[in-house]
Amino acid sequence: MRTLSGRRAVWLVMKRELNTRLRTRSFVVGTGVLLVLLLGYVLFQTSLAGSSDKSTVGLTGQAIGIARQLQTEAALSGREISTVVVTDAADGRKKVEDGDIDALVSGSAAQLTATYKSSLDTELRRVLDQVAQQQVLDGVLSSAQLEPAEVMARVNGTHVRDDALSPQPADQTQRLVVGLVVAFLLYMSIITYGMMVAQGVVEEKSSRVVEILLASVRPWQLLLGKVIGLGLVGLTQLVILAVVGLGAAAATGVFTLSGFATGAVLWGLLWYLLGFLLYATIYGALGSLVSRQEDTQSVVGPLNIILVVGFIAGFNLLVQNPAGSATKIVSLIPLLSPILMPARISTGAAAGWEIGLSLALTIALVAVLTWVGGKIYGNSVLRIGSRIKLSEALRG
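Residues numbered from 1 in each chain as written. Predicted model: local features only at pLDDT ≥ 70, side-chain atom pairs only at ≥ 80, totals over all residues. Heavy atoms only, no water.

Considering the overall build of the protein
- Of regular secondary structure, the protein possesses 15 helices and four strands.
- By the burial criterion, 41% of the 396 residues in the protein qualify as buried.
- A separation of at least 24 residues holds for 75% of the contacts in the protein among residues at least 6 apart in sequence.
- Surface exposure of the protein reaches about 20,800 Å², of which carbon and sulfur atoms provide 61%. (Helix = DSSP H or I, 4+ residues; strand = E, 2+ residues; numbered from the N terminus. Buried < 20%, exposed > 50% of the residue type's maximum accessible area, 1.4 Å probe, protein only. Contact = heavy atoms within 4.5 Å. Areas by Shrake-Rupley, 256 points an atom, 1.4 Å probe, with all protein chains shown as cover.)

Notes on the UniProt feature "transmembrane region" (unreviewed entry) in the protein
- The sites that carry the UniProt feature "transmembrane region" (unreviewed entry) are, in the present numbering, residues 24-44, 176-202, 223-252, 264-286, 298-319 and 355-373.
- Helix makes up 100% of residues 264-286 and strand 0%. Its end C-alpha atoms lie 32 Å apart. (UniProt positions renumbered as here; feature names shortened; annotations may be inferred.)

Details of the pattern of salt bridges
- Scanning the model with the defined rule gives nine salt bridges in all.
- Of the charged contacts in the structure, one is a salt bridge between Lys95 and Asp91, with a shortest N-O distance of 3.9 Å. Here Asp91 and Lys95 lie together in helix 4 (residues 89-98), a separation of four residues that amounts to about one turn.
- On the basis of relative accessibility, which here comes to 29%, the residue Lys95 falls in the partly exposed class.
- Residue Asp91 is classed as partly exposed on the basis of its relative accessible area of 34%.
- We note a salt bridge from Arg292 to Asp295, for which the minimum N-O separation is 3.0 Å.
- Take Arg292: its relative accessible area is 45%, and that puts it in the partly exposed class.
- Accessibility expressed as a relative area gives 21% for Asp295, which makes it partly exposed.
- Each of the salt bridges in this network shares a partner with another, and the network as a whole consists of Arg16, Glu17, Arg21 and Lys226. (Salt bridge = Lys/Arg side-chain N within 4 Å of Asp/Glu carboxyl O.)

A few points about the nonpolar core
- If you look at the biggest cluster of nonpolar residues, it comprises 73 residues, and the most contacted ones within it are Phe276, Tyr283, Leu307 and Ile339.
- Elements with a minimum of two residues in this core: helix 1 (6-22), helix 2 (25-52), helix 7 (172-206), helix 9 (219-252), helix 10 (259-287), helix 11 (296-320), helix 13 (337-347) and helix 14 (352-380).
- Every residue in contact with Phe276, bar those within four places of it in the chain, is listed here: Ile190, Tyr193, Gly194, Val197, Val227, Leu230, Gly231 and Thr281.
- The next biggest cluster of nonpolar side chains, apart from the first, holds 16 residues, and it includes Ala63, Ala67, Leu124 and Val131. (Core = buried A, V, L, I, M, F, W, Y, C linked by side-chain atoms within 4.5 Å.)

A short note on the packing of aromatic side chains
- In this structure the tally under the stated criterion is four aromatic pairs.
- Arranged with centres 5.5 Å apart and planes meeting at 50°, the rings of Phe311 and Phe315 form a pair that is tilted. One end of the pair, Phe311, and the other, Phe315, are both in helix 11, four residues apart, so they sit about a helical turn from each other.
- The exposure class assigned to Phe311 is buried, which follows from its relative accessible area of 11%.
- Grouping aromatic residues by their ring pairs yields a cluster made of Phe184, Tyr187, Phe311 and Phe315. (Phe/Tyr/Trp six-rings, centres within 6.5 Å; stacked < 30°, edge-to-face > 60°.)

Focus: the side chain of Arg344
- Mapped onto the elements of the fold, Arg344 is located in helix 13.
- In terms of polar contacts, Arg344 uses its side chain to reach the side chain of Ser331, at 3.1 Å. (Polar contact = N/O pair within 3.5 Å; in protein donor to acceptor, adjacent residues only side chain to side chain.)

A short note on the sheet that holds strand 4 (residues 113-115)
- Here we have four strands laid out as an open sheet, ordered 2-1-3-4, and mixed in their pairing. Looking at strand neighbours, the two that pair on one side only are strand 2 (80-85) and strand 4, the edges of this open sheet. For this sheet, the mean inter-axis angle between neighbouring strands, taken without regard to orientation, is 30°.
- By the bridge criterion, three bridges tie strand 1 (residues 54-59) to strand 3 (residues 103-106) in an arrangement that is parallel. For Val57, the partnering residue across the bridge sits in strand 3 and is Ala103.
- Relative to strand 3, helix 4 is tilted by about 150°, and along the sheet it contacts strand 3 and strand 4. (Pairing = 2+ DSSP bridges. Axes fitted to C-alpha atoms, helices over the stretch in contact; angles between N-to-C directions.)

Some details on the environment of Gln71
- Among the secondary structure elements, Gln71 is positioned in helix 3 (residues 67-76).
- Judged by its relative accessible area of 35%, Gln71 falls in the partly exposed class.
- Sequence separation between Gln71 and Ile81 is ten residues, and the spatial gap between their C-alpha atoms is 5.8 Å.
- Ignoring sequence-local partners within four residues, the contact set of Gln71 consists of Ile81, Ser82 and Thr83.

In structure tokens, the structure reads:
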């Protein structure tokens, strides 16, 4: 005899899932591994950014005189170049070979020669070209009895006027990186905790625990409580990753903790909830079709394939062009919107009507799949034995 109200029943099942899953070793270890990977990625980006903006250049012979000019030109380009004086050219070449310096510069200021190991950094080459070109220009202007400083002031003050039809934000690269990270974390969370729902259903069914539970709660209450509970476990993990990741990225200077980063996290959390509701109910329903854990993969495999293929295709489209027509169309497909739309929002490529339409379509599909999933679960969860056909579960 059922004595629990619907709300109370769902609350008790949800609380049971939260208490069980949050205390498991797998949750703690999994979260720790993801944190290590996330922090490692942030530190890796920090080292890349630092090394790409710094160069060590050896100066020998007449080139020693361009040290200050070289550093000034580099600073104007947002680059840091440290110079060392090399008295012996042969010793300088050995330092280049050993990787102690990035290049050895020799010759007069107007005819510089850069000695490097295999390739010369593009930005460093440009700065060296500017120094040599400036020296040549000064000589030409002086021979024409013109003041080089006045001429260069006029030249440097002339710029092309901007008339961008769809200007990109100044932090476009940061936005894309955050968007891709958000898409990856959402994909991992949805597929991981969705599988947990399916495995939990099969476990309860095979151990006959579900028969005891259904003596007090209805099938839809049990499924809904399980989905909400595991969804909150996944949400807890995402919040931990978001807080630590944003803090580490801001502290190391990988990107500034601006409004777009906070907005990307908030949108990501919202879409995670929608995506989890979208998939978890179906994971649970499909799990109820079998009675053994080894059969679980066979029933949820097609759903996993949809997620994997959609993620890979969408990820590639995001990298190529977040605002492209193909990316826009794929992100509006409700089954893929929870992964791709928050990434497009982060990059600033998603228009307001696209966000609204994707939300409406996803919520509508959540309602439909929740009803279908509840029907399948209710008709299958108490049937022990061989795998139940999906058509039978829908008719039952």
